[in-house]
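Remarks on the overall topology
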Amino acid sequence: MYDWIREVKEILPLDSALRQRARQRLKEQTRPEGSLGLLESFIERFVAIQKKERPEMERKRILIFAADHGVSEEAVSRYPREVTKAMVLNFLSGGATINALARHVGAEVCVIDMGVDADFKGDPRLIHAKVRGGTRNMAREPAMTLEELDEALHAGWEVVRKAKEEGIQILALGEMGIGNTTAASAVVAALTGEEPESVTGRGTGLDEEGLRRKVEVIKRALDLHKGFLNDPLRVLQCLGGYEIAAMTGAILAAARFQIPTVIDGWIVSASALVASRINARILDYLFFAHQSEECGHRILLKMLEVEPILNLSMRLGEASGAALAMSILEAGVRIYNEVATFAEAGVANR
C-alpha cells in the first residue's frame, strides 16, 4: 500500500531566493509599490513554482474528476445520482458552464471517470479510471476499501504526471458527483474537529429539512467510523469519494512535479486539506480560486491560512471558479512579463 506516496516526501518548499527575485521585479515596475495587492503575492509564488525568469501560461488544463456516492441513498441531495452521468456527457459535448469558461480562458478540459455509476462504453473523450460504480454508503460502512483508496489516489497522481510530461503549465481541479458535498463535509469535520453543522451547507439547494437530514447523516458516519479517523488517509477511506481521493493524489502530484494548480471550491478544498495533512508544503503550490457559498468553506480557508482569489458567492463546482481565477492569474503573469521596470522605461530616479 501507498508505495507511490513515497515521492510525496520529495516535495520541496519554494525557493525563497526565487520569490525574492520576483518580488524585486514587481517592486521595480512602473507603478506604486504594492499597488496590485494580493495579486503580487500570487505572482511571486507562480514565478517560484515554475522557476522561470518569465513564467508561462499558454498550456492550461482543467481536470474534472467525477464519481457517484453511496451516501446519496440517504436523500442528501435534491438530485438523483443519474445527474452525474448526464453532466459528464454534457462536459464531453462541450455544453456545460465549465466548457464555456474554459473556452474563454483558452484551457482544455479533461474529464476523469473515477466512479460514475454508468457505462461510458470506452468513450475516447473520457479518461477511464473507474474504481467502482460509486462508493458505498459511508453512514453504514466505509466508503471504500483501502485497495480502492490506493487506486483512486494513484489515478489522480498519474493524470498529473502525464500532464507534466505533456508540457502543461498550469492546472485547475474540479469535480462532479451527486452527494459529494456530504462526503466533503464529513471529511472536513473529521480532520478539523468542527461540528458538522458548521461545515455542512445546502449543496444543490436543500431546504431546511434536507439540510437537517444531511447533518444527521454526517454525524452517524462520524460516529460509526470514529475509531479510524486519526489518519487523513483513513478519513478518506471511510468518508470520502473516489473523486475526492483522486484529487488528493492529483494535488500531491502537482506539488511534486511543480505545476501551479488552481483549487476550485468546497469539494476540491477538502481534498487540499487531506493533502496538506500528508505534506503541508503542498499549500505553496496551490491557488484557491474562490470562497464558495458552502458555509464551511470560509472556515476551511481560514484554517489553511490561504486567501481566495475571488469571492462571487458561487457554488456550482465543476471547476467554474477555478477557470475564472485562472484568468486573473494569467493577467498577473502578463503584468510580470510585460510591464517595464523604471530602469527599462528609462526613468533614472523613481
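Residues numbered from 1 in each chain as written. Predicted model: local features only at pLDDT ≥ 70, side-chain atom pairs only at ≥ 80, totals over all residues. Heavy atoms only, no water.

**What to know about the packing of aromatic side chains**
Going by this rule: Between rings of Phe, Tyr and Trp, where Trp is taken as its six-membered ring, a pair exists when centres lie within 6.5 Å; planes separated by under 30 degrees are stacked, by over 60 edge-to-face, and by other angles tilted. Labels follow the DSSP assignment, with helices taken as runs of H or I lasting at least four residues and strands as runs of E lasting at least two, numbered in each case from the N terminus. Exposed residues in this analysis have more than 50% of their type's maximum accessible area, buried residues have under 20%, and partly exposed residues fall in between, with area computed by a 1.4 Å probe over protein chains only. Consider the ring centre and the ring normal. A charge sits over the ring if Lys NZ or Arg CZ is within 6 Å of that centre and within 35 degrees of that normal.
Under the criterion given, the structure shown has three aromatic pairs. A centroid spacing of 6.2 Å and a plane angle of 75° characterise the contact between F42 and F287, whose relative ring orientation is edge-to-face. Of this pair, F42 sits in helix 2 (residues 38-50) while F287 is found in strand 6 (residues 286-288), placing the two residues 245 residues apart along the sequence. The class of F42 is buried, set by a relative accessible area of 8%. By relative accessible area, which is 0% here, F287 ends up buried. For the ring pair W157 and F257, a centre distance of 5.7 Å and an interplane angle of 65° mean the geometry is edge-to-face. Taken together, the residues span a long stretch of sequence, with W157 in helix 5 (residues 146-165) and F257 in the loop between helix 9 (242-256) and strand 5 (261-263) at a distance of 100 residues. The residues W157 and F257 share a single accessibility class, namely buried. Among the aromatic residues, those joined into a cluster by ring pairs are F42, F46 and F287. Here the basic side chain of R25 rests over the ring of Y336, its NZ or CZ set 5.7 Å away from the ring centre. A cation over an aromatic ring shows up here: R45 above the ring of F287, its NZ or CZ 4.2 Å from the ring centre.

**Focus on the pairing of strand 4 (residues 170-176)**
Inclusion rule: When DSSP finds two or more bridges between a pair of strands, those strands are recorded as paired.
Here strand 4 lies mainly inside the structure; seven of its seven residues are buried. Across seven bridges, strand 1 (residues 60-67) lies against strand 4 in parallel orientation. Bridging across to strand 4, L63 finds its partner in L173. Alignment of strand 4 against strand 5, held across three bridges, turns out to be parallel. Opposite L173, over in strand 5, you have I263 as the bridge partner.

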